[in-house]
There are 6 protein chains.
Amino acid sequence: LVVTALKMAAPYIRLYKGKTFVLKAGSAIFASEERTRALLEQVALLHQLGIRVVFVHGGGPQSTELQTALGIEPRIVEGRRVTCEKTLYVSTMVLNGLVNTRVLALCRELKLPAIGLSGVDCGLVKARKRPSEPVDFGYVGDILEVDADVLEKQLTLGYVPVVSPLSADNSGTVLNINADTVASALAVATRAEKLILATGAPGILEDPRNPRSLVSYTDLAGLESLKKTGSLEDGMMPKASAIESALNGGVPRVHVISFLEQDALLLEVFTNEGTGTLIVKGFESLTAEEQKAGALQLS
Amino acid sequence: LVVTALKMAAPYIRLYKGKTFVLKAGSAIFASEERTRALLEQVALLHQLGIRVVFVHGGGPQSTELQTALGIEPRIVEGRRVTCEKTLYVSTMVLNGLVNTRVLALCRELKLPAIGLSGVDCGLVKARKRPSEPVDFGYVGDILEVDADVLEKQLTLGYVPVVSPLSADNSGTVLNINADTVASALAVATRAEKLILATGAPGILEDPRNPRSLVSYTDLAGLESLKKTGSLEDGMMPKASAIESALNGGVPRVHVISFLEQDALLLEVFTNEGTGTLIVKGFESLTAEEQKAGALQLS
Amino acid sequence: LVVTALKMAAPYIRLYKGKTFVLKAGSAIFASEERTRALLEQVALLHQLGIRVVFVHGGGPQSTELQTALGIEPRIVEGRRVTCEKTLYVSTMVLNGLVNTRVLALCRELKLPAIGLSGVDCGLVKARKRPSEPVDFGYVGDILEVDADVLEKQLTLGYVPVVSPLSADNSGTVLNINADTVASALAVATRAEKLILATGAPGILEDPRNPRSLVSYTDLAGLESLKKTGSLEDGMMPKASAIESALNGGVPRVHVISFLEQDALLLEVFTNEGTGTLIVKGFESLTAEEQKAGALQLS
Amino acid sequence: LVVTALKMAAPYIRLYKGKTFVLKAGSAIFASEERTRALLEQVALLHQLGIRVVFVHGGGPQSTELQTALGIEPRIVEGRRVTCEKTLYVSTMVLNGLVNTRVLALCRELKLPAIGLSGVDCGLVKARKRPSEPVDFGYVGDILEVDADVLEKQLTLGYVPVVSPLSADNSGTVLNINADTVASALAVATRAEKLILATGAPGILEDPRNPRSLVSYTDLAGLESLKKTGSLEDGMMPKASAIESALNGGVPRVHVISFLEQDALLLEVFTNEGTGTLIVKGFESLTAEEQKAGALQLS
Amino acid sequence: LVVTALKMAAPYIRLYKGKTFVLKAGSAIFASEERTRALLEQVALLHQLGIRVVFVHGGGPQSTELQTALGIEPRIVEGRRVTCEKTLYVSTMVLNGLVNTRVLALCRELKLPAIGLSGVDCGLVKARKRPSEPVDFGYVGDILEVDADVLEKQLTLGYVPVVSPLSADNSGTVLNINADTVASALAVATRAEKLILATGAPGILEDPRNPRSLVSYTDLAGLESLKKTGSLEDGMMPKASAIESALNGGVPRVHVISFLEQDALLLEVFTNEGTGTLIVKGFESLTAEEQKAGALQLS
Amino acid sequence: LVVTALKMAAPYIRLYKGKTFVLKAGSAIFASEERTRALLEQVALLHQLGIRVVFVHGGGPQSTELQTALGIEPRIVEGRRVTCEKTLYVSTMVLNGLVNTRVLALCRELKLPAIGLSGVDCGLVKARKRPSEPVDFGYVGDILEVDADVLEKQLTLGYVPVVSPLSADNSGTVLNINADTVASALAVATRAEKLILATGAPGILEDPRNPRSLVSYTDLAGLESLKKTGSLEDGMMPKASAIESALNGGVPRVHVISFLEQDALLLEVFTNEGTGTLIVKGFESLTAEEQKAGALQLS
């Protein structure tokens, strides 16, 4: 059994050895230590098989929770939250402190050598404050540049970077950036083989209310249609633009998988059927070799 | 002027190039961004001159503040604070999140390439929970081992490690450890040339109420006397044992300087008179070469 | 399924990554291209997972066949075959030419980077002609020394060495040596983690006529008993001394597995139950760590 | 005497240090162990002087001999031999086994560190079966590509590669290729300074029946004329095309020397007069520097 | 004081770390051991701060002195001195022997690791004898090429090259070359950040008789004007062409400073005001970055 | 011829490749450019064959000549010359300037990459002034220590160090040291295979007035006898102590050869008979291997 499986996994192991995967875990997962550990166990296996994993996390619900506990009123402008100074104070503590350390502690338990980073360390992410016109969203940043060398060095040391999305501009002002956006930018900068978004949903759904309407495979054009037909309401909208910029930036495959599904990450990487949704730039734009590699995954 | 000064600093530059200094900044400094920046500017200069600096921070007052804001009642047993789960939650956010990120953000502003770490990252500090007998202090750890290689690798990459004292045991339980203790252990493990404790006091005072009673220079025996005569009440007591273990572990010089005094760090490193208190193991135990080097500092 | 299996295999992957296995394939396997390919597919998987494999082959039956075809009468003295000049001529062609090339050709098909060697190349095996007293067995050698560096260099280049047992003395006289003996010596010289003998039998049998009498696990003392009770008649006798010298030379584990059993090599390496016979030096002589590692395999 | 000679050799030593020579020894030489040893002694001296030598051998007569012994009828189609499966079986044993091992055994005697290779090892030569139309020559290959890196790695390890011309396609089918053709392709791939064909003739003769009609020096155009005037009958015709492809592929000098002449290889390399035939692409196509270097050799 | 100064010097240290400065000391300085030591102390400090210094010296007055002592009549043709064989003999002894060794001996005293070189060593400067038409100046050379690699290797070993301007042609004829010319060529070849000419004058003067008429800052055009207006009489004329060729060869800044002024070298490098004369190619030709860097120096 | 010779030289080439020879050329040779060139041509050949040569020169007669020209009266005390300040001035110019540069210029002509050094450069020789009691010999030094690393670095760069014996103490006082003494100390420090003293005599003579009384081979004991019997009068006495300290310091072979004999250096290195005198520590003290190697030379 084990052996049959290993033999089935063999072509994928060969395909991905030495490649970089950027995995972004949706912040809901951190509500459950069990689920987080289960995901990190999968990361540990990829790491052992020689795949270089960059782990990006968010921390929205945890921030909201602390904000509430501290009695900080969220300011919403045009339906979007504003990062005032107090909110940034909370985000810094939750993202760079609480969530990052929890992930590192679990890695420690799993003997997975991991190093905590955020966009602030070593100049990893160079951002700038979003213009205060037309709306001032406060300490929210847009990414100007990622210094891939920073990740490269830690990966070469054999560490799994655990990355909080908090970043800074060059004068040291800390800025909040959406974790999906950061993960996408890191994937582009490290020329990652895959960007994997682990979410609470089974993947992209044609009908968000119907979990059985999973889209297994699509491309940029398909994603555009889904946006137009309103399939991507809610949390999936911002992910869509992260997916698009990853694909446009040269990441060959983006996956949306569910962290609720057991072993979804390994299933995605090591089986033919995969799991969740695979998005490519456009099937016709793949090179012959990529199509062949794709065949492994898609046939 | 500049030039005369450079020439005076030259022997120290030669002496310390390529050496490691562990600098521990007392948490009170972080109440003032100006003071923190001023200290980091000095660190940046040392870094430029080829000295390898490990920066360790605490975060006591900030933790107390957040604890209060969250309405967590501090539990005190036998006059010492207990780290219950909620307190650990607060410490994690404050130390690994708030304070560490603030330091990194200032380093970013100063173009000093710095990487945030805590004892949890990459197995840097291996601790164990302090036995619950006779008193259960909760999530408080004792250091079993420091993996100096983790710091060595980051220093070799040219980064200044900014280290939070939070650590973990091997099963991933996060544990609180006194920052002076951690700094001392890191200094021993990295065979640091100097352990420098930057505090709110001008150094060790013979009479804590009299800032003019500064002890400029002492050794382990002298420190023992000071303890007996009651000069080390208050916050200096725990520092004394960090100092002792650093000296016993082979760190040749420990300095207690004031972060309130302008340029105290540079004065200490680059001038003959130094500043604050210098503690060595015992003058007679120095080798001829160390005595000669000491002469530079002490004559 | 694949994923469950991968997770079960994970501790073994971690355990054996970067370690060296010496695998000796009994010459009967080369009668079947299918079986040889099946074994090499397993080698290829080990290679992909980062295990360094040295593949040793014999070629007895193939030699006999060619000898017959060429009308060379085998000379038998005291029940053992003598390697006369003509026999050596045949062995050279069969071992270094026919069998070695067939294995390399299959590796080529499997995209496994392999390099053919024999004890003659680069001074790999330094042997001397067995003394002609009391019986002159002709061009038969005894191993004086193995230059492990030769294998080390090819392994470091990422190649799987495919080794024919033919060797030479320092004046360039080619000498025939038993393949099990060579495999054992290479395992000792390369400080291999495992010596694996793939044979036509399911392992060591208590009763050679009863395939169900498999000895799953024994040590040197047990092997000695088996020899005394006559369980090791036939081809297993010479293997016994190869096994003994490997264990005495520091190879922690020797396995006798069947190349007739599907995936026997992978089963042995990656499952708890293993397959065939495992022989260790003596359970009590294992270090605590080895016992722990052994527990993985043996519990 | 020795010293005068060393001084005469000095400019050639300087010229060729670190350069690669591909030497192809015609299979007739292997009939005499003395002659083979004498040639390899010369190779050993080149190796000591820092010249990187790749030694290519054939094995035609030895194959015919074994074929006869085994009663395999050679099939001749259109005057050329067909490599049926049995013939390939014989070639594999003779080329990769018998001849290769004999050369290695002599290298062992001479303390020359040598490694046996064929086009099958490590993907060295990538060939394809010659189309069966118009004539099916059986297991005969045409070279598609040489992986020079394979030789480069062994040369860097300080080994002399001893290369059998047997090759394979990517699905592992072993294919017979003319040894001159392989030597020429290896010379091109390794950017060799010289391709040297050691034959039973004194070089290229204007009149093959007159050993005194040696052509000392010619170019591609001259070679073409010799072909037209019928000077290249017999075994020299296939060599001519190997010579042409080497020169067209960028090898600056091809030499045809005699292995019957004592020290012919050293004479060629270290004396002004050389020996045998030197063929260049075209004197006028040489760069100024090559002409100058040529002057050393030709004046 | 020291500390304020260090902080003021910090941006310059950052700017010049790892950069190369070529410093040419006018031969008059060697008349005073004190002045030479003072200059070398400044060099030692630059070296310690990580700046790579190439020290070029002349030796005119010392040569004249020895010539006189030996009763060699200087031959002057068209107002310029001719280097006859005897003069070359004197120059060789004075430049490569006397002056070079004196500088090295002082470096030894200052613990500055220095290596003596001249254009003759390791093929550093490839020159040719100046044509004997229209005037035969004897053993005077013009530089054809500088092998920057020679300096690069010594700098990488951490040595300060102390370079005498004596050079040679490829047949080993030693040739005299003006030290300013050699310094300029070395600066171009090593892509030096600065060429610094330390002279007995305070810099370039508008009126050579008025030491207060110092030109602080000019460019090639300005230099041209000064030449036309006759400001550069005497020894400054030949320096002008060395300056021009350095600037035209890509050296961004040339400085003329006084070795009579205390700490002039350090003042120039580490202060905003600098000292002596700074010459750039043309302010408008600087890149934005250079202008910014220039701002440091010039504002 | 060339080829026979190469083959005869081959075992010596193998024996000495990568080894270090320290060659000291007696200063009389520099009176003849032809003889110097002839010796350097031999050095160039050794260099090409991969032998690392350190070339040490003296300059006595040249110094005397210049001293006379300058009218400096040599001061002789107890029959030995005193190095007064003026004499040191002369030695500096002659040794570090004139002779060193002449050798370098010839190396340049011969395309031999050479670098001029003296004991003053890079701290190569650390000496101290000989005590002024009982006789003050002025600026004469005794060697305290050789920094072999300085030579090692230049040899590794592929340069032939051309070393003048002038040295210095750590405060930079230049000191004169006998060139044989320096050569011996360099040979010991670099663990040289041979120290070769090239002199005007054919070797050590039993009777200095009879050139036919050459001692071909002796050891320390034999040298002692020769001293006692008065065979070593004149210039050979100081050489004797250099020879003794080399042998006692671990240099296995010292040779005294004649620079008047054509190709004496090559004859010594590459022929069985050698030339001049070979001195070893004691034949019985050689290891088996050395005796075997010696057999090459001595049989």
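Quick note: structure is the one above.
Criteria and cut-off values
- Residues numbered from 1 in each chain as written.
- Chains lettered and ligands numbered in written order.
- Predicted model: local features only at pLDDT ≥ 70, side-chain atom pairs only at ≥ 80, totals over all residues.
- Heavy atoms only, no water.
- Buried < 20%, exposed > 50% of the residue type's maximum accessible area, 1.4 Å probe, protein only.
- Helix = DSSP H or I, 4+ residues; strand = E, 2+ residues; numbered from the N terminus.
- Pairing = 2+ DSSP bridges.
- Right-handed = clockwise from strand over helix to strand, strands pointing away.
- Disulfide = S-S within 2.5 Å.
- Least-squares fit on C-alpha atoms with pLDDT ≥ 70 in both.
- Contact = heavy atoms within 4.5 Å.
- Expected span 1.5 Å × (residues − 1).
- Buried area = accessible area lost by both parts, 1.4 Å probe.
- Salt bridge = Lys/Arg side-chain N within 4 Å of Asp/Glu carboxyl O.
- Polar contact = N/O pair within 3.5 Å; in protein donor to acceptor, adjacent residues only side chain to side chain.
- Nonpolar A, V, L, I, M, F, W, Y, C, P; charged D, E, K, R; others polar.
- Axes fitted to C-alpha atoms, helices over the stretch in contact; angles between N-to-C directions.
- Parallel < 35°, antiparallel > 145°, perpendicular 65-115°, else oblique.
- Left-handed = near helix turned anticlockwise from the far one by under 90°.
- Phe/Tyr/Trp six-rings, centres within 6.5 Å; stacked < 30°, edge-to-face > 60°.
- Lys NZ or Arg CZ within 6 Å of the ring centre and 35° of its normal.

**A closer look at the pairing of strand β1 (residues 20-25) of chain A**
Residues and elements named next belong to chain A.
1) Next: Here β1 lies mainly inside the structure; 6 of its 6 residues are buried.
2) Next: Neither face of β1 is open: one carries Thr-20, Val-22 and Lys-24, the other Phe-21, Leu-23 and Ala-25, and all of them are buried.
3) Next: Sheet topology note: the β1/strand β2 (residues 52-57) ladder contains 6 bridges and is parallel. By the bridge assignment for β2, Val-22 is matched with Val-54.
4) Next: Each parallel crossover has a hand, and the one from β1 via helix α2 (residues 33-48) to β2 is right-handed.
5) Next: Direction of pairing for β1 relative to strand β11 (residues 194-199): parallel, over a ladder of 5 bridges. Along β11, the bridge assignment pairs Phe-21 with Lys-194.

**A word on the state of the cysteines**
1) Next: Scanning the model with the defined rule gives 0 disulfides over all chains in all.
2) Next: Take C:Cys107: it sits in no disulfide, and the sulfur closest to it among the cysteines is that of D:Cys122, at 9.9 Å.

**Examining the relation of the copies chain F and chain E**
1) Next: Mapping chain F onto chain E calls for a rotation angle of 180° and an axial translation of 0.0 Å; the resulting RMSD is 0.0 Å. Taken together, the rotation and translation relating the two chain copies correspond to the operation of a two-fold axis. The rotation axis passes nearest to the C-alpha of F:Gly97 in chain F, at a distance of 1.7 Å.
2) Next: Mapped onto chain E, 100% of the interface residues of chain F again fall at the interface, so both copies present the same surface.

**Regarding helix α2 (residues 33-48) of chain D**
1) Next: With 16 residues, α2(D) should reach 22 Å at 1.5 Å per residue; the first-to-last C-alpha distance of 22 Å fits that figure.
2) Next: Looking only at α2(D), the buried set comprises D:Thr36, D:Arg37, D:Leu39, D:Leu40, D:Gln42, D:Val43, D:Ala44, D:Leu45, D:Leu46 and D:Gln48.
3) Next: Contacts from the buried residues of α2(D) go to β1 (20-25), β2 (52-57), α4 (85-109), β8 (160-164) and α9 (264-270) of chain D together with α1 (2-16) of chain F.
4) Next: Of the residues flanking the end of α2(D), it is D:Gly50, one or two places downstream, whose phi is positive at about 90°.

**Topic: the interface of chain F and chain E**
1) Next: Opposite the 40 residues of chain F that make contact, chain E presents 40 residues.
2) Next: Both sides together, the interface formed by chain F and chain E hides about 3200 Å², and carbon and sulfur atoms give 61% of it.
3) Next: Our enumeration of links across chain F and chain E arrives at 0 salt bridges.
4) Next: One can count 15 residue pairs in polar contact (both at pLDDT 80 or more) joining chain F with chain E.
5) Next: For the side of chain F that touches chain E, the secondary structure elements donating two or more residues are α3 (60-69), α4 (85-109), β5 (114-118), β6 (125-129) and α5 (148-156) of chain F.
6) Next: Tallied by class, residues from the side of chain F that touches chain E come to 21 nonpolar, 11 polar and 8 charged.

**Here's the deal with the packing of helix α2 (residues 33-48) of chain B against helix α4 (residues 85-109) of chain B**
All names here are of chain B.
1) Next: Packing of α2 against α4 leaves a shortest axis separation of 10 Å and a crossing angle of 60°. Here α2 is positioned oblique relative to α4, judged by the angle of their axes. The element α2 and its partner α4 pack so that their crossing is right-handed. Contacts between α2 and α4 involve Glu-33, Thr-36, Arg-37 and Leu-40 from the former and Val-103, Leu-106, Cys-107 and Glu-109 from the latter.
2) Next: When the residues that make up the contact of α2 with α4 are grouped by side-chain class, the tally is 4 nonpolar, 1 polar and 3 charged.

**Quick notes on the packing of aromatic side chains**
1) Next: Using the criterion set out here, one finds 6 aromatic pairs over all chains in the structure.
2) Next: Measuring from centroid to centroid gives 5.2 Å for E:Tyr16 and E:Phe21, while their planes differ by 75°, and the two rings are edge-to-face. Of the two residues, E:Tyr16 and E:Phe21, neither departs from the other in class, the shared state being buried.
3) Next: Across the ring face of A:Phe21, the terminal group of A:Lys194 is positioned such that the distance to the ring centre comes to 5.9 Å.

**Re the sheet that holds strand β14 (residues 277-280) of chain E**
Residue and element names in this part refer to chain E.
1) Next: Within the open sheet, the 8 strands sit side by side as β5-β8-β2-β1-β11-β13-β14-β12. Their pairing is mixed. Looking along the sheet, the strands with just one partner apiece sit at the ends: β5 (114-118) and β12 (217-219). Neighbouring strand axes in the sheet, compared pairwise and without regard to direction, differ in orientation by 20° on average.

**Concerning the pattern of salt bridges**
1) Next: Applying the stated criterion across every chain yields a total of 84 salt bridges over all chains.
2) Next: One salt bridge connects B:Glu109 with B:Arg37, and the closest N-O pair in it is separated by 3.0 Å. Here B:Glu109 is found in helix α4, whereas its partner B:Arg37 is found in helix α2, with 72 residues between them in sequence.
3) Next: Its relative accessible area of 28% is what places B:Glu109 among the partly exposed residues.
4) Next: Accessibility expressed as a relative area gives 14% for B:Arg37, which makes it buried.
5) Next: The residue F:Glu145 makes a salt bridge to F:Lys126 at a minimum N-O spacing of 3.9 Å.

Coordinates in, geometry out; function isn't part of it.
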